[in-house]
Amino acid sequence: MTAVLTRRPGLSRIRAAGSPLHPICLGLVALIVTAALFAPWVVPHDPNAVDLGDALAGPSAGHPLGVDAAGRDTLARLLLGARTSLLGPLGVVAFSTLAGVAVGTVAAWRGGWLDSVLSRSTELVFAFPGLLLAILIISVYGEGLLAPVLALAVAYLPYVSRLTRSLVLAERERPYVSAYQVQGHSALQICLRHVLPNIAPVVLAQATINFGYALMDLAGLSFLGLGVPALTPDWGRMVFDGQTAIQHGYPLSAVVPCVLIVLTVVAFNVVGERWADRVARRDR
């Protein structure tokens, strides 16, 4: 589902050759985030306005991307769907990063039996797929965004925890930590003021990569009809709703959100990997 920071030789060679891939992806991320923020003020139509008489109509002046099988404007649903499609992964990354950093820091700093208990507990999560956990929770609490976000956050937590633990263990061996301990600074002060700021770039780079994976997982749940409610604009839900249009030879309402999901995931992964590369070069 996700992975700790890795380098991909193919992308490294492209960047070394001066490829504009990173600035393009960074611009795409900025564009999508801007669209999500200002969508309510720029949507051309009500995204839930149903007009069955105009169902599956192709692109026109009033509907640049056509309408879906229910007669709803595709462009309006794409713009507002960006808010839901980005908000879910943001929740997953925020919760998993905060909790994972806390668990990893405590495990590395305290060591001993507490490290063993926390490490073994997080490793147990690896044996339980995040999507399966999300499906089980949704079956209990019903459809919505909160249940899958919490389930995937728990599934992503071990990746952040293991990364944080290794980084904090390395930082703890540095001379400045011993110097602050001799001066009487508490472990909490040293971690909050010095250790965590030093490892923040690597953790944030991992969070950026995790964001793309979380977006893909949540879109998959919505495609299965297990994510957001039916009337909520969401890219994964649009692909699910667009199956009818594809069967009737009008694939646009399903293909466009598919393309956006792929481009967004790739863009966030490229930005995250570039950030990770810069951190790695800085630390050499």
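Provided above is the structure to which this section pertains.
What this report covers is the structure whose coordinates are included nearby.

The rules we used
- Residues numbered from 1 in each chain as written.
- Predicted model: local features only at pLDDT ≥ 70, side-chain atom pairs only at ≥ 80, totals over all residues.
- Heavy atoms only, no water.
- Phe/Tyr/Trp six-rings, centres within 6.5 Å; stacked < 30°, edge-to-face > 60°.
- Helix = DSSP H or I, 4+ residues; strand = E, 2+ residues; numbered from the N terminus.
- Buried < 20%, exposed > 50% of the residue type's maximum accessible area, 1.4 Å probe, protein only.
- 1 Å grid on protein atoms, 1.4 Å probe; cavity = no way out; pocket = protein on both sides within 12 Å on 5 of 7 lines; lining within 4 Å.
- Points joined across faces, edges and corners; volume = space filled by probe spheres on them.
- Core = buried A, V, L, I, M, F, W, Y, C linked by side-chain atoms within 4.5 Å.
- Contact = heavy atoms within 4.5 Å.

1. As for the packing of aromatic side chains
Line of reasoning, step 1. A full pass over the atoms with the stated rule returns 2 aromatic pairs.
Line of reasoning, step 2. Taking 6.3 Å as the distance between ring centres and 80° as the angle between the ring planes, the aromatic pair formed by Y176 and Y180 counts as edge-to-face. Here Y176 and its partner Y180 are both found in helix α7 (residues 175–182), 4 residues apart, which amounts to about one turn of the helix.
Line of reasoning, step 3. Overall, Y180 belongs to the partly exposed group, its relative accessible area being 23%.

2. As for the layout of surface pockets
Line of reasoning, step 1. The computed volume of the largest pocket comes to approximately 400 Å³.
Line of reasoning, step 2. Lining the largest pocket we find 16 residues, and of these V33, L86, L90, F211 and F268 sit closest to its centre.
Line of reasoning, step 3. Elements with a contribution of two residues or more to the lining of the largest pocket: α2 (21–42), α3 (74–110), α8 (187–223) and α11 (252–283).
Line of reasoning, step 4. Sorting elements by how many residues they give to the lining of the largest pocket places α3 first, with 6 residues.
Line of reasoning, step 5. No other element matches α8, which puts 9 residues into the lining of the second largest pocket.

3. Considerations on the nonpolar core
Generally speaking, a soluble globular protein has its nonpolar side chains buried in company with each other.
Line of reasoning, step 1. L86, F211, L215, W235 and I261 are the most contacted members of the largest nonpolar core, which totals 22 residues.
Line of reasoning, step 2. Ranked by residue count, the leading element in this core is α11, at 7 residues.
Line of reasoning, step 3. The contacts of I261, once residues within four sequence positions are left out, are L215, A219, W235, G236 and V239.
Line of reasoning, step 4. In this structure, V177, I190, V195 and V202 belong to the second largest nonpolar core, which totals 14 residues.

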